[in-house]
Amino acid sequence: MSMTALFLILAALQVKHLLADYVFQSAWMVRNKGRYAHPGGLAHSGLHSALTVLVLLFTPLGLGAVLLIALGEFVIHYHMDWAKDAILKRSTATPKDWAYWVITGLDQFVHQVTLLGIALAAVLLA
């Protein structure tokens, strides 16, 4: 796979992340991501995974590899969001606090590293 293809996959995954985390995420999902196994958090992570499948269907990957990668993203995304919310609730940090933004930034960092891993997997498995 070419560097151009890798760049396009990464760009598409960035757009996917923007859509799933900020455009299509409902208040119900946001409110319930911190409650383990709540359908709101599961739906949010499922949205991420479904959009990743859509992106990866435009690569040379087989369907099995696409679904496996999406499942991995689901597990990582779900648990990172749950952990972030659990930590924020225990800390009582609010958007006015430095700790809130450090925790939120770490959450987004893990999501971005996951997207890099997805793109790398797409290149290596293609």
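Note: the structure precedes this text.
Definitions and limits used
Residues numbered from 1 in each chain as written. Predicted model: local features only at pLDDT ≥ 70, side-chain atom pairs only at ≥ 80, totals over all residues. Heavy atoms only, no water. Axes fitted to C-alpha atoms, helices over the stretch in contact; angles between N-to-C directions. Helix = DSSP H or I, 4+ residues; strand = E, 2+ residues; numbered from the N terminus. Left-handed = near helix turned anticlockwise from the far one by under 90°. Contact = heavy atoms within 4.5 Å. Expected span 1.5 Å × (residues − 1). Buried < 20%, exposed > 50% of the residue type's maximum accessible area, 1.4 Å probe, protein only. 1 Å grid on protein atoms, 1.4 Å probe; cavity = no way out; pocket = protein on both sides within 12 Å on 5 of 7 lines; lining within 4 Å. Points joined across faces, edges and corners; volume = space filled by probe spheres on them. Nonpolar A, V, L, I, M, F, W, Y, C, P; charged D, E, K, R; others polar. Core = buried A, V, L, I, M, F, W, Y, C linked by side-chain atoms within 4.5 Å. Patch = residues over 30% accessible without salt bridge, like charges linked within 9 Å, V, L, I, M, F, W, Y side chains within 5 Å. Areas by Shrake-Rupley, 256 points an atom, 1.4 Å probe, with all protein chains shown as cover. Salt bridge = Lys/Arg side-chain N within 4 Å of Asp/Glu carboxyl O.

Bringing the packing of helix α1 (residues 3-23) against helix α5 (residues 98-125) into the picture now. As a packed pair, α1 and α5 sit with axes 10 Å apart at the nearest point and diverge in direction by 140°. Like other packed secondary-structure pairs, α1 and α5 cross with a definite hand, here right-handed. Contacts between α1 and α5 pair Leu-6, Ile-9, Leu-10, Leu-13, Gln-14, Lys-16, His-17, Asp-21 and Tyr-22 from the former with Gln-108, His-111, Gln-112, Leu-115, Leu-116, Ile-118, Ala-119, Ala-122 and Val-123 from the latter.

Glancing now at helix α3 (residues 39-56). End to end, α3 covers 25 Å across 18 residues, agreeing with the expected 26 Å (1.5 Å per residue, within 8%). Every buried residue of α3 is listed here: Gly-40, Gly-41, His-44, Ser-45, Leu-47, His-48, Ser-49, Leu-51, Thr-52, Val-53, Val-55 and Leu-56. Looking at the buried residues of α3, the elements they touch are α1, α2 (27-32), α4 (63-91) and α5.

Once that is clear, we can look at the environment of Phe-58. Assignment of secondary structure puts Phe-58 in the loop between α3 and α4. On the basis of relative accessibility, which here comes to 74%, the residue Phe-58 falls in the exposed class. Linking Phe-58 and Ile-9, residues 49 residues apart in sequence, is a C-alpha distance of 8.9 Å.

Moving on: the layout of surface pockets. Which parts of space are left empty comes out when a probe the size of a water molecule is rolled across the atoms. Taken as a whole, the largest pocket encloses approximately 300 Å³ of empty space. In terms of lining, the largest pocket is formed by 15 residues, of which the most central are Val-30, Lys-33, Lys-84, Asp-85 and Tyr-100. Listing elements by their share of the lining of the largest pocket, those giving two or more residues are α1, α4 and α5. Within the lining of the largest pocket, the residues separate by chemical class into five nonpolar, three polar and seven charged.

Ile-9, Leu-13, Leu-56, Leu-61 and Ile-118 are the most contacted members of the largest nonpolar core, which totals 13 residues. Listed by contribution, the elements that provide at least two residues to this core are α1, α3, α4 and α5. Ranked by the residues each element gives to this core, the list is headed by α5, at four residues. Each residue touching Leu-61, except ones within four places of it in the same chain, is listed here: Leu-56, Val-66, Ile-69, Ala-121, Ala-122, Leu-125 and Ala-126.

Okay, the environment of Met-3 next. Position of Met-3 relative to the elements: it lies in helix α1. As for Met-3 and Val-123, which are separated by 120 residues in sequence, their C-alpha atoms are 9.4 Å apart.

Below, the discussion takes up a nonpolar patch on the surface. Together, Leu-54, Leu-57, Phe-58, Leu-63 and Leu-67 make up a nonpolar patch on the protein surface, roughly 570 Å² of accessible area in all. As for its placement among the helices and strands, Leu-67 is situated in helix α4.

With their axes 8 Å apart at the nearest point, α3 and α4 run at an angle of 150° to one another. When you trace α3 past α4, the crossing you get is right-handed. Across the interface between the two elements, Gly-41, Leu-42, His-44, Ser-45, Gly-46, His-48, Ser-49, Thr-52, Val-53 and Leu-56 from α3 touch Val-66, Leu-67, Ile-69, Ala-70, Glu-73, Phe-74, His-77, Tyr-78 and Asp-81 from α4. Along the lines of polarity and charge, the residues of the contact of α3 with α4 split into nine nonpolar, eight polar and two charged.

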